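Geometric and topological summary
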Amino acid sequence: MKKWKWIVLTLTGICLLLLFSSGGYVYHKASQTLKEVQVPVKASVETEKAVEQKKGFSFLLLGVDQRKNETGRSDTIIVVTIDPKTNTSQMISIPRDLKTDIIGNGSNDKINHAYAFGGPQMALDTVSHLLKIQIDYFAEINLAGFTDLVNAVDGVRVKNDINFSYYEMQFPKGELLLNGKEALAYARMRHDDPRGDFGRQIRQRQVVQAVADKMTEDFSIRRFNAILDALGKNVKTNVPFSVARTVATDYRDALRNVKTLSLDGSGGIESDGIYYWHPTDKSLKEVQAQLQEALK
């Protein structure tokens, strides 16, 4: 059986959910859940001040392929930069096979190995180095969390642009309503997509945005409890409740206006017999400049 490909659901959705946490039971449960999923990865003073001053900042989303008693690899890597000046957010998927310097490990390897070598801190440092921006906050989710969270919002609607089948599931072209299992299959397929991993990245972003939208369009205590239960069991983050609350209230418009960025490049089998992908210098510099501008 092939390894499952894991997809991260977004911190954006967590933050938007907190818009409803104005007091009492809802506020307490949301606060308690974020405390339970905290990991000790300290954010820089600069990033903490940026959020306090309502300036732009970035966070990293990781979908981790993790078996029991293993660190796992981040097979899905998404960076989101929020720009309150323009009320926009920028989202970019980093190809997992991209070859780069693994910061803190002294190696040049696939970027998804950074998490395996040094956990979320090394992943943060490596992605920050690649994009030449400061990234201090992260959220990661595992496979069970993906299916649980999609089911918690009663499924998601996506617009599929190609016909394909995957593990005996059919995905016709057009608008689809997907449950958790179907959404996972929809987001992980790449070999039958002529765009390869880039087609898969498009579907991953679709599901991320769809879940975030569903979290706010039909709020109820039942749904709220189901979402927090899914998050509490399957998510890890270093975003404190105070920061998530600030983002949810003061960055709301920017979170709802997401612009997708992408890297151009090519890949192939190298001398060690392993496939690697390399972005073009022009494409990487353009993405770096756009992200840096959002953080000014």
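Nothing here was measured: the structure is a model prediction, and the numbers come from that model. (Residues numbered from 1 in each chain as written. Predicted model: local features only at pLDDT ≥ 70, side-chain atom pairs only at ≥ 80, totals over all residues. Heavy atoms only, no water.)

Time to look at the overall build of the protein chain. The secondary structure content of the protein chain amounts to eleven helices and 14 strands. For the protein chain, buried positions account for 54% of its 296 residues. The contacts in the protein chain between residues at least 6 apart in sequence include a share of 66% that link residues at least 24 apart. Carbon and sulfur atoms make up 48% of the accessible area of the protein chain, which amounts to about 13300 Å² in all. (Helix = DSSP H or I, 4+ residues; strand = E, 2+ residues; numbered from the N terminus. Buried < 20%, exposed > 50% of the residue type's maximum accessible area, 1.4 Å probe, protein only. Contact = heavy atoms within 4.5 Å. Areas by Shrake-Rupley, 256 points an atom, 1.4 Å probe, with all protein chains shown as cover.)

What follows is about the pattern of salt bridges. Pairs can form between side chains of opposite charge whenever their charged atoms are close. Counted by the stated rule, this structure contains ten salt bridges. In this structure, D97 engages K110 in a salt bridge whose closest nitrogen and oxygen atoms are separated by 3.2 Å. Taken together, the residues D97 in the loop between β3 (88-93) and β4 (99-102) and K110 in strand β5 (residues 107-110) connect sequence positions 13 residues apart. Residue R195 pairs with D193 through a salt bridge whose shortest N-O separation is 3.0 Å. Of the residues examined, D193 reaches a relative accessible area of 4% and is grouped as buried. Taken together, the shared-partner salt bridges connect D161, D193, R195 and R203 into one network. (Salt bridge = Lys/Arg side-chain N within 4 Å of Asp/Glu carboxyl O.)

Right, let's talk about unusual backbone geometry for a bit. You will see that K54, though not glycine, has its phi angle at about 60°, which is positive. Tracing the chain through its elements places K54 in the loop between α3 (45-52) and β1 (57-65). By relative accessible area, which is 38% here, K54 ends up partly exposed. Its identity as a non-glycine residue notwithstanding, D154 has a phi of 65°, on the positive side. Looking at where D154 falls in the secondary structure, it is placed in the loop between α5 (143-152) and β7 (156-160). On the basis of relative accessible area, D154 is assigned to the partly exposed category, the value being 41%.

A separate point is the packing of aromatic side chains. Tallied over the entire structure, the rule returns seven aromatic pairs. Considering the side-chain rings of F57 and Y137, the 6.2 Å spacing of their centres and the 85° angle between planes classify their relative orientation as edge-to-face. With a gap of 80 residues between them, F57 in strand β1 and Y137 in strand β6 (residues 137-141) connect regions that are remote in the sequence. For the pair formed by F57 and Y137, the shared burial category is buried. When the ring of Y166 is compared with that of Y167, the centres are 5.0 Å apart and the planes differ by 70°; the resulting orientation is edge-to-face. A relative accessible area of 14% means that Y166 is categorised as buried. Y167 gets classed as partly exposed once you look at its relative accessible area, which sits at 41%. (Phe/Tyr/Trp six-rings, centres within 6.5 Å; stacked < 30°, edge-to-face > 60°.)

Moving on: the nonpolar core. Counting residues in hydrophobic clusters, the biggest one holds 31 residues, and the most contacted among them are L149, V156, F171, L178 and Y186. Elements that contribute at least two residues to this core include exactly α5, β7, β8 (164-166), β9 (169-171), β10 (174-178), α6 (180-188), α7 (197-217) and α8 (221-234). When sequence neighbours within four positions are dropped, the list of residues in contact with F171 reads N160, I162, N163, F164, Y166, L176, L178, E182, A185 and Y186. Counting residues in each nonpolar core, the second largest holds 25 residues, with L124, L130, W277 and V287 among its members. (Core = buried A, V, L, I, M, F, W, Y, C linked by side-chain atoms within 4.5 Å.)

Topologically, T47 is positioned in helix α3. With residues up to four places along the chain from it excluded, the contact list for T47 reads Q134, D136 and Y137.

This part covers the pairing of β6. Most of β6 is tucked away, with five of its five residues classed as buried. Burial along β6 is two-sided: Y137, A139 and I141 and F138 and E140, pointing in opposite directions, are all buried. Relative to strand β11 (residues 235-237), β6 is paired through three bridges, and the arrangement is antiparallel. By the bridge assignment, I141 is partnered in β11 with V235. (Pairing = 2+ DSSP bridges.)

Our focus in this paragraph is the pairing of strand β13 (residues 265-269). As paired elements, β13 and strand β14 (residues 275-279) share five bridges and run antiparallel to each other. Counterpart to I269 in the pairing with β14 is Y275. Linking β13 back to β14 in an antiparallel pair, the connection comprises five residues, with G273 at a positive phi of about 80°.

With that settled, consider the environment of R157. Here R157 lies in strand β7. Once the C-alpha coordinates of R157 and L176 are considered, the two residues, 19 residues apart in sequence, prove to be 5.4 Å apart. At a separation of 3.4 Å, a polar atom in the side chain of R157 contacts the side chain of E175. (Polar contact = N/O pair within 3.5 Å; in protein donor to acceptor, adjacent residues only side chain to side chain.)

A separate point is the confidence of the model for the protein chain. Chain-level pLDDT for the protein chain is 83 on average; 85% of the residues reach the 70-or-more range. When mean pLDDT is compared element by element in the protein chain, β4 scores highest at 98, while helix α1 (residues 11-17) scores lowest at 48. Every residue in residues 1-13 is under pLDDT 50, and counting partners more than four places away or in other chains gives 56 contacts. (pLDDT = per-residue confidence, 0-100.)

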